[in-house]
Amino acid sequence: MVKITVLGAAGGIGQPLSLLLRLNSKVSELALFDIVNAQGVATDLSHIPSTQKITGYGPKSKTDITQLQAALKDADIVVIPAGIPRKPGMTRNDLFKINASIVKSLVHQAGLICPNAFICVISNPVNSTVPIAVEELKTLGVYNPSKVFGVTTLDNLRLEEFLSLSIKRATGKTVTPAELRGDVISIGGHSGSTIVPVLNSWARNLSSEVYDSLLHRVQYGGDEVVKAKQGRGSATLSMATAGYRFVSHLIEALTGDSVVDEVAYVKFDELPGQVPDIVADNVSYFSLPFKLGKTGVKLITFPHSLSDKETGLMAVAVNQLKDEIARGVNFVHPSKL
Ligand SMILES: NC(=O)C1=CN([C@@H]2O[C@H](COP(=O)(O)OP(=O)(O)OC[C@H]3O[C@@H](n4cnc5c(N)ncnc54)[C@H](O)[C@@H]3O)[C@@H](O)[C@H]2O)C=CC1
Ligand SMILES: O=C([O-])CC(=O)C(=O)O
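In this report, we go over the structure that sits alongside the text. Predicted model only: the values in this text are computed from it and were never measured. Positions within a chain are numbered from 1, following the residues in the order the chain's sequence is written. Throughout, the order in which chains and ligands are written sets their labels, letters from A for the former and numbers from 1 for the latter. Whole-chain, interface and lining totals are the exception, using all residues; otherwise, since this is a predicted model, local features are given only for residues with pLDDT of at least 70 and side-chain atom pairs are given and counted only at 80 or more. Hydrogens and water are ignored here; the side-chain numbers use all heavy atoms of the structure.

So, about the pattern of salt bridges. Pairs can form between side chains of opposite charge whenever their charged atoms are close. Throughout this description, the term salt bridge denotes a Lys or Arg side-chain nitrogen within 4 Å of a carboxyl oxygen of Asp or Glu. Using the criterion set out here, one finds 13 salt bridges in the structure. Of the charged contacts, one joins K73 and D74 as a salt bridge, the two residues approaching to 3.3 Å between their closest N and O atoms. Residues K73 and D74 agree in their burial class; the two are exposed. Where R86 meets D223, a salt bridge forms, and the shortest distance between an N and an O atom there is 3.1 Å. Note that R86 is positioned in the loop between β4 (77-80) and α4 (96-113) and D223 in helix α9 (residues 221-228), a separation of 137 residues in sequence. If you follow the salt bridges from partner to partner, you end up with K3, E29 and K53 in one network. Classification of residues uses two cut-offs on accessible area relative to the type maximum, computed with a 1.4 Å probe and protein chains only: under 20% is buried, over 50% is exposed, and between them is partly exposed. Going along the chain from the N terminus, every DSSP run of H or I of four or more residues is numbered as a helix, and every run of E of two or more is numbered as a strand.

Here we come to the packing of helix α6 (residues 153-171) against helix α10 (residues 237-255). Angles here are taken between N-to-C directions and fall from 0 to 180 degrees, while the axes themselves are lines fitted to C-alpha atoms, restricted in helices to the stretch in contact. It is the contact of α6 with α10, at a shortest axis distance of 8 Å, that shows an interaxial angle of 110 degrees. Taken together, α6 and α10 sit at an angle that is classed as roughly perpendicular. Every residue of α10 that contacts α6 at T153, L154, N156, L157 and E160 is listed here: S238, M239, T241, A242, R245 and F246. For this classification, the nonpolar set comprises Ala, Val, Leu, Ile, Met, Phe, Trp, Tyr, Cys and Pro, the charged set comprises Asp, Glu, Lys and Arg, and every other residue, Gly included, is treated as polar. When grouped by side-chain class, the residues that make up the contact of α6 with α10 number five nonpolar, four polar and two charged. Oblique is the label for any angle not covered by the other classes, which are roughly parallel (under 35 degrees), roughly antiparallel (over 145) and roughly perpendicular (65 to 115). Throughout, a residue-residue contact means that at least one pair of heavy atoms, one from each residue, lies within 4.5 Å.

Along the chain, the position of G221 falls in helix α9. For the pair formed by G221 and S191, sequence separation is 30 residues and the distance between their alpha carbons is 9.4 Å. Leaving out residues up to four positions away in the same chain, G221 has contacts with R158 and H216.

The next subject is the site of ligand 2. Summary of the distance rule: residues count as near a molecule or strand when at least one heavy atom falls within 4 Å of that molecule or strand. As a matter of local geometry, ligand 2 sits amid R86, R92, N124, L154, R158, H190, G222, S234 and A235. Here a polar contact is taken to be a pair of N or O atoms separated by no more than 3.5 Å, where protein atoms must pair a possible hydrogen donor with a possible acceptor and residues adjacent in sequence count only if both atoms sit in side chains. A distance of 2.6 Å separates an oxygen atom of ligand 2 from a polar side-chain atom of R86. In this structure, H190 approaches ligand 2 through a side-chain N or O atom, which is 2.6 Å from an oxygen atom. Its free accessible area being 260 Å², ligand 2 has 95% of it covered by the protein chains. Surface accessibility in these figures is a Shrake-Rupley result with a 1.4 Å probe; residues are shielded only by whichever protein chains are displayed.

With that out of the way, let us pick up the pairing of strand β8 (residues 195-198). What you see with β8 is no split at all: I195 and P197 on one side and V196 and V198 on the other are buried throughout. When DSSP finds two or more bridges between a pair of strands, those strands are recorded as paired. Pairing of strand β7 (residues 185-188) with β8 involves four bridges; the strand directions are antiparallel. Each bridged residue has a counterpart across the sheet, and for I187 the counterpart in β8 is V196. Linking β7 to β8, which pair antiparallel, is a turn of six residues; within it G192 sits at a positive phi near 40 degrees.

Here a ring pair, both rings aromatic, is described through the centre-centre distance and the interplanar angle of the planes. Stacked, tilted and edge-to-face are the three classes assigned to paired rings of Phe, Tyr and Trp, where Trp is represented by its six-membered ring and a pair needs centres within 6.5 Å; plane angles under 30 degrees give stacked, over 60 edge-to-face, the rest tilted. Tallying each qualifying case throughout the model produces five aromatic pairs. With 5.6 Å between their ring centres and 85 degrees between their planes, F96 and F331 make a pair best called edge-to-face. Placement of the pair is F96 in helix α4 and F331 in helix α12 (residues 308-332), with a sequence separation of 235 residues. What makes F96 buried here is its relative accessible area of 7%. Aromatic pair Y265 and Y285: ring centres 5.8 Å apart, planes at 25 degrees, arrangement stacked. Taken as a pair, Y265 in strand β9 (residues 260-267) and Y285 in strand β10 (residues 285-293) lie far apart in primary sequence, 20 residues in all. Side by side, Y265 and Y285 carry an identical accessibility label, which is buried. Linked through ring pairs, F118, F149, F246 and F290 together constitute an aromatic cluster. Each ring is checked for a lysine NZ or an arginine CZ that lies within 6 Å of its centre and within 35 degrees of its normal; such an atom marks a charge sitting over the ring. The positively charged end of K147 is found above the aromatic ring belonging to F118, 4.9 Å away from the centroid. One residue, R327, lies across the ring of F96, its end atom 4.1 Å from the ring centre.

Put into structure tokens, the structure is as follows:
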């Protein structure tokens, strides 16, 4: 029995993500909330045969929070793709002005109504919106470091797909993205040079030229989609797939006895497991691999074998992340910095 609430469910990510969740038989209840059209999306999805209860909620007025609260009641997992996406020429940080308040207000209600729920933040800029979520939950006294995630799974999907293509191009050999999954991961943050792909022994297959173009494509994959969509938004279908991969693992961890391997952007300093000094001495948030159980993150499992190049990338990532994390914290506590 798992209840999932999707906030921003009528959007470009929210709709396909809700569709995928509708098809998961372990989800007993799916609550969709949006400021527009969530009831319409829920009605549409309700025609797909399922034993799952599905409901749609939207505010009845500008100040109405009762519908949001009803959607969040008894939620085990809250997924947040609410907020504006990029247009060409914008960075993810340009979204902060609008999305920071959206995430803060939604997480505030989640902290009040379902304080034990897992919180999965998709809204950008993830490097800053997750610190906002954490600080908001702290102010309510309900923060649990094992249960708050920035969803960076799309960086891992891109790495698996683009590396598979790069290996084919460089060696003529076929290594499927599924074979690479788990063996290569993306750590760091979720924007440009904060994204650090860790290639393990697969790097040996690539010339420095192929490596550099792979690195660029993983770090700036989001820009590629924004440009191709020509002002009509950013990644939605790949993101819904990524979001579903992450959330379905959470569901697995919640409903079974198995411990699942995942990667997400977390506040790691209060979690068990070792993180290298270069990270731990400079930031408290990083996208990291971990073991996931019923109660959330059980253990950070930092990759053992980073190359010199990857260690260098990590130093760059940490530097940029510092400011982006501070921006999120400062938004909730303007006087703290
Ligand atoms: N973490 C990641 O890897 C990725 C994150 N994103 C981010 O996800 C966010 C959503 O992207 P899209 O779905 O493409 O945007 P969209 O504009 O298609 O959908 C966003 C939805 O949020 C709703 N919304 C706005 N304010 C709300 C509020 N206060 N409460 C509830 N719903 C609200 C809107 O009505 C809309 O339906 C963006 O910030 C985007 O940058 C996008 C791709 C990847
Ligand atoms: O690039 C964007 O704005 C959306 C995003 O986070 C991604 O595609 O990785």
